[in-house]
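Coordinates in review
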Amino acid sequence: PHSVRLAVGIDLGTTNSLVAAVEDGAPRVIGDESGRALLPSVVRFLPDGGAVVGEKALEEAASDPRNTISSAKRLIGRTLSEIKGAAGLPFKLLDEPGMVKIQTVAGVKTPEEVSAEVLKTLKARAEKALGGELVGAVITCPAYFDDAQRQATKDAGRLAGLNVLRLLNEPTAAALAYGLDEQSAGTYIVYDLGGGTFDVSVLKLDRGVFQVLATGGDSALGGDDFDRSVAAWALKAAGVEPEALSASDKRRILAESRAVKERLTTEEETLFSVKLESGARMQAALTRAQFEQMTCGLAGRTIEAVKATLSDAHL
């Protein structure tokens, strides 16, 4: 009874991931050496078989696009035919039987192996901060994930050397945190638009006990799609054909698209500016109103999913 057994909760996200532990009855997110809580879910594979994970991999994405894998969560537990926009990715997916695989300089990799590198980094961070070996981890996943995607997430945990205690639906995790903190009774919708997946859950809470009434969403809709809308707009504004772009150019354009989207959170207008490998510069001003107009179809898809989930819950 007096032995200390260390376990953590991990949010394995499409864009960013993090790890947390409960200390003295309260959850604490564990940061890296620089105090950063978020770890970009990006892995760069090296010729010697090694891997770089997180911020450094993200920085090197434009210079080594073929071997830098991001948004692996959208690929996990999927066959090539199930993946939308596969042709537009800067890295190469292999058309082989079974689940999708990725060609890298370190050999053929699965999305589970990519996710495992992210999980390994979080595991090491937690063990260093907590001063001991982990006995297990709870990993979150979208409520909309099917059995293949859930199994693949567990496999990623196992490859990272983690004992996966259980998978927890992300909206349920949010409701738990909110309900336990607020001690509020009532019916809630959790609307979770992440980097690559959209989840909606309807939950009934009463004194910290919750019941899931319905779940829904779209496992191929997220911030990545909003970024692609900005990229498509920028290419059209500059009169550049997507086929003329190198993999590095595609990376730079997507990175700038995301930065532009984020700047429009606080600014009414911002400048999209990218220098291509050819030396040419793509540059155009984008307003928040334009951004909202070009992405209203994506936002509309989330509302349709909300309506369908409410209908499933008979509400």
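Report on the accompanying structure.

Description of the overall build of the chain
- Along the backbone of the chain there are eight helices and 17 strands.
- In summary, the chain has a C-alpha radius of gyration of 20 Å against a globular reference of 20 Å for 315 residues, a match within 12%.
- Sorting the 315 residues of the chain into buried and exposed places 47% on the buried side.
- Within the chain, residue pairs in contact and separated by at least 24 positions form 59% of the contacts whose partners lie at least 6 positions apart.
- Counting only carbon and sulfur atoms, one obtains 51% of the accessible surface of the chain, whose full area is about 15600 Å².
- Between the averaged position of the 36 positive side-chain charges in the chain and that of its 43 negative side-chain charges there is a distance of 2 Å.

Re the sheet that holds strand 6 (residues 51-53)
- Read from one edge to the other, the open sheet built from three strands follows the order 6-5-7, with strand pairing classed as antiparallel. Whereas interior strands pair on both sides, the edge strands pair on one side only; in this sheet they are strand 6 and strand 7 (68-70). The sheet shows a mean angle of 20° between the axes of neighbouring strands, direction not considered.
- Across three bridges, the pairing between strand 5 (residues 42-45) and strand 6 is antiparallel. Note that in strand 6 the partner of Val43 across the bridge is Val53.
- Strands strand 5, strand 6 and strand 7 of the sheet are contacted by helix 2 (residues 111-130), whose axis makes an angle of about 110° with strand 5.

Observations concerning the sheet that holds strand 15 (residues 209-218)
- The strand order 13-14-15 describes an open sheet built from three strands, whose pairing is antiparallel. Edge strands, defined here as strands with exactly one partner in the open sheet, are strand 13 (186-193) and strand 15. For this sheet, the mean inter-axis angle between neighbouring strands, taken without regard to orientation, is 20°.
- Where strand 14 (residues 198-206) lies against strand 15, nine bridges are found, and the strand directions are antiparallel. From the neighbouring strand, Asp199 faces strand 15, where its bridge partner is Gly217.
- The strands touched by helix 8 (residues 296-312) are strand 13, strand 14 and strand 15; relative to strand 14, the strand with the most contacts, the crossing angle is about 40°.

Definitions and limits used
Residues numbered from 1 in each chain as written. Predicted model: local features only at pLDDT ≥ 70, side-chain atom pairs only at ≥ 80, totals over all residues. Heavy atoms only, no water. Helix = DSSP H or I, 4+ residues; strand = E, 2+ residues; numbered from the N terminus. Rg over C-alpha atoms; globule rule 2.2 N^0.38 Å. Buried < 20%, exposed > 50% of the residue type's maximum accessible area, 1.4 Å probe, protein only. Contact = heavy atoms within 4.5 Å. Areas by Shrake-Rupley, 256 points an atom, 1.4 Å probe, with all protein chains shown as cover. Lys, Arg positive; Asp, Glu negative; His and termini not counted. Charge placed at Lys NZ, Arg CZ, Asp CG, Glu CD. Pairing = 2+ DSSP bridges. Axes fitted to C-alpha atoms, helices over the stretch in contact; angles between N-to-C directions.

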